[in-house]
Structure formats: C-alpha cells, structure tokens
Amino acid sequence: MAIKTPKLSWADVTPESVFVNRRQILAGMGALSLGGIAGRGVAQGDLEPNSYEDITSYNNFYEFGTGKEDPARYASAMTTDPWSIEIDGLVDAPGTYDFAELVTGMTMEERIYRFRCVEAWSMVIPWNGFELAQLLDKVGVQSGAKYVAFETLYRPEEMRGTRSPVIDWPYREGLRLDEAMHPLTIMATGLYGKPMPNQNGAPIRLVVPWKYGFKSIKSIVKISLVAEEPKTSWNMIAPNEYGFYSNVNPAVDHPRWSQATERMVGGGLFASRQDTLMFNGYEEDVAALYDGMDLQKSF
Ligand SMILES: Nc1nc2c(c(=O)[nH]1)N[C@H]1C(S)=C(S)[C@@H](COP(=O)(O)O)O[C@H]1N2
Ligand SMILES: [Mo]
C-alpha cells in the first residue's frame, strides 16, 4: 500500500465520539446517555459522516485493481446474489449458509464509525449491520476456538484485479476471538441505509473500527473458528509492516511513514491533517483487550 497525493480534507471530527446506536436513540435513551452499556462507547452523535459519494468512489478493494477509483469502476461485475457463506472449524453448526438465511433474526443497527486506513487517510462511515457476536452465537463457538478467520470471494472472471498477483488470493483476515466478540465489531450489510455497494464489500463485510482498514475484510464467503492465529493477507505480504493486530496507534509508525496524523477524505483543499487517535478513538472501549501486551511488538 502506498500513500497517494493528498486530495481533500474536511472539518474536524470530535475525538470523544464513538458511535450512534439508532435503535437506542429510537428507544428514547438519547445519543448522549449510552455510557452504561457494558463494553460500548458513549455515542456523542457528533461524528459527521462523509458523503455517500466519497465513501463509494474512493475505495481499496484490490480484487478490482489497486487504484482508488478501480472498485467503483469494476466491482459491478461481481455477482452478489446468490451469496452464501461457509462457516467451519470449531463450531456447533458448521455449514454453508445462504446470506439471507444467515442474517435473519440479527438485530440490525446503524453504526457511525471512524474508518482509518493504514495509508493514513480516514473517513466517517454510517454502516448498517449487526454485531458479529450475534452471528457467532448463532453458529455456536466451541471452547477450543481462539481466533476467527475470514476469506473474501475469489472469482477471477468477475475480479479483474486478481489477474495480478499482488495478493495470494483469496484476501484473508482474522481476529482474536475476544476481538471478534467485542460489541464494536460488526458485520456490515449496508451504508447510508442502502444495501452495501459492491465496491464497499457487498453483500457483507467486516468492520472493526479500532483497527486499520485492511482488517475490515470485504465480500466474505468463509468464516472459520480456529485454534491458532490465522494467516492474513497483508501480514503475509509484509509482516514487518502489517501486524496481525494492526490496531490504530499514532505511536507506532509504519516503517515507511508516520501514523501520527491522518488526512480526512472528502473536504476542503485547505483543511489540515488531524491527529490520529489511539485505537482510532475507541480506546475506552477496547484498551482492556490488550492489557499486558506490548503494543510496539504486537503491532
Ligand atoms: N477483500 C478485500 N477486503 C478489503 C480490501 C481489499 O483489497 N480486499 N482492502 C482493505 C482496505 S486496505 C481498506 S482501507 C478497506 C476499504 O474499505 P472501503 O473501500 O469500504 O472504504 O477495505 C479493506 N478490505
Ligand atoms: Mo486500507
């Protein structure tokens, strides 16, 4: 991944903001009073999302090319219906689940999250989806499982970017089980209240807001519950540059660039970069997951 010339930037986003749980707002609790929910951040409601246009035209989805405009141009070639997800490994109910069947009964929410790419640009995205924990509970995680591995669709005839061996396809990602079960970790099926656009990972992708964007794997076709830390694509390519954890951390620079600041995509030409926040602003919610770990070493 290389940094491209900064294009745009925009207004500041208040650091304390975590997310808005639309359901709870509708339930009358108010966006400012969600702090009592265990493991969840306080929703301030003041994260101003990027435009639909920004979010769907400036993408990383290497299956369709390495350029930021390639996914919007070429991802429409991907067939997303029918879609099924294979769930295997240490689960009570392994199998191949139809997408619609799998999401039935899940509690859908809007989550407005910061999104920070390892290339040092960021956006704010209003996702629609459900907590990954719900899906894992549905299939029944067995006691030996310690990690969750994910794979993206690999269908070369629909994915022109896979002709080039930039990645050992399929794209793979993984989380530790406690990260996967964390209430901030969601499976997103849409954004701005619309079905997930192909370029953003239709019909279903992972979103882990405190980690660099590449952990949020798109267009998932396989989920495996495993005992050992799984192989992950960017870590396989450059283990010294992309750690398994890849938590957003302004104090741990990429070997080739600083991670202390970021460029907000989509605003004014003259807006300055903003400081990158520890765990992308979700420190209060997730720091405990890493108690006792050396984050310089386990980056
Ligand atoms: N399958 C797959 N998932 C992927 C990627 C990819 O190339 N292929 N790129 C990652 C990177 S680097 C980022 S920053 C985000 C971009 O998500 P967005 O285009 O929806 O903003 O997707 C991540 N998930
Ligand atoms: Mo990224």
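- As annotated in an unreviewed UniProt entry, the protein is Protein-methionine-sulfoxide reductase catalytic subunit MsrP from Meridianimarinicoccus aquatilis.
- Within the UniProt record for the protein, the comment given under Subunit (unreviewed entry) is "Heterodimer of a catalytic subunit (MsrP) and a heme-binding subunit (MsrQ)."
- Its UniProt record gives the protein the following Sequence similarities (unreviewed entry) comment, quoted word for word: "Belongs to the MsrP family."

**Remarks on the site of ligand 1**
Part 1: Taken together, 18 residues surround ligand 1, and among them N59, Y62, E63, T152 and K218 come closest.
Part 2: Between ligand 1 and N60, the relevant distance is 3.3 Å, taken from a nitrogen atom to a main-chain nitrogen or oxygen of the residue.
Part 3: Within the side chain of T152, one N or O atom sits 2.8 Å away from a nitrogen atom of ligand 1.
Part 4: Partitioned by chemical class, the residues of the shell around ligand 1 number 9 nonpolar, 6 polar and 3 charged.

**Section: the sheet that holds strand β2 (residues 95-98)**
Part 1: An order of β2-β1-β10-β5-β6 is seen for the 5 strands of this open sheet, with the pairing classed as mixed. Sheet topology places β2 and β6 (172-176) at the edges, where each strand pairs with a single neighbour. Strand-to-strand twist in this sheet, taken as the mean axis angle between neighbours without regard to direction, amounts to 20°.
Part 2: Of the pairings in the sheet, the one linking strand β5 (residues 147-152) to strand β10 (residues 220-226) comprises 6 bridges and is antiparallel in character. Within β10, the position partnered with T152 by the bridge is I220.

**Description of the nonpolar core**
Part 1: W127, L135 and I223 are the most contacted members of the largest nonpolar core, which totals 73 residues.
Part 2: Top contributing element to this core by residue count: strand β4 (residues 121-131), with 5 residues.
Part 3: Apart from the residues within four sequence positions on either side, I223 is in contact with I85, E86, I87, D88, L135, V148, A149, F150 and M187.

**Some points on helix α5 (residues 132-139)**
Count 3.6 residues to each turn of an α-helix, and residues three or four apart come out pointing the same way.
Part 1: All buried positions along α5 are accounted for by L132, A133, L135, L136 and V139. End-on, the buried residues of α5 take up no more than an arc of 160°, which puts them together on one face.
Part 2: Just downstream of α5 lies G140, where phi reads positive at about 80°.

Parameters at a glance
- Residues numbered from 1 in each chain as written.
- Chains lettered and ligands numbered in written order.
- Predicted model: local features only at pLDDT ≥ 70, side-chain atom pairs only at ≥ 80, totals over all residues.
- Heavy atoms only, no water.
- UniProt positions renumbered as here; feature names shortened; annotations may be inferred.
- Near = heavy atom within 4 Å.
- Polar contact = N/O pair within 3.5 Å; in protein donor to acceptor, adjacent residues only side chain to side chain.
- Nonpolar A, V, L, I, M, F, W, Y, C, P; charged D, E, K, R; others polar.
- Pairing = 2+ DSSP bridges.
- Helix = DSSP H or I, 4+ residues; strand = E, 2+ residues; numbered from the N terminus.
- Axes fitted to C-alpha atoms, helices over the stretch in contact; angles between N-to-C directions.
- Core = buried A, V, L, I, M, F, W, Y, C linked by side-chain atoms within 4.5 Å.
- Buried < 20%, exposed > 50% of the residue type's maximum accessible area, 1.4 Å probe, protein only.
- Contact = heavy atoms within 4.5 Å.
- Arc of directions from axis to C-beta.

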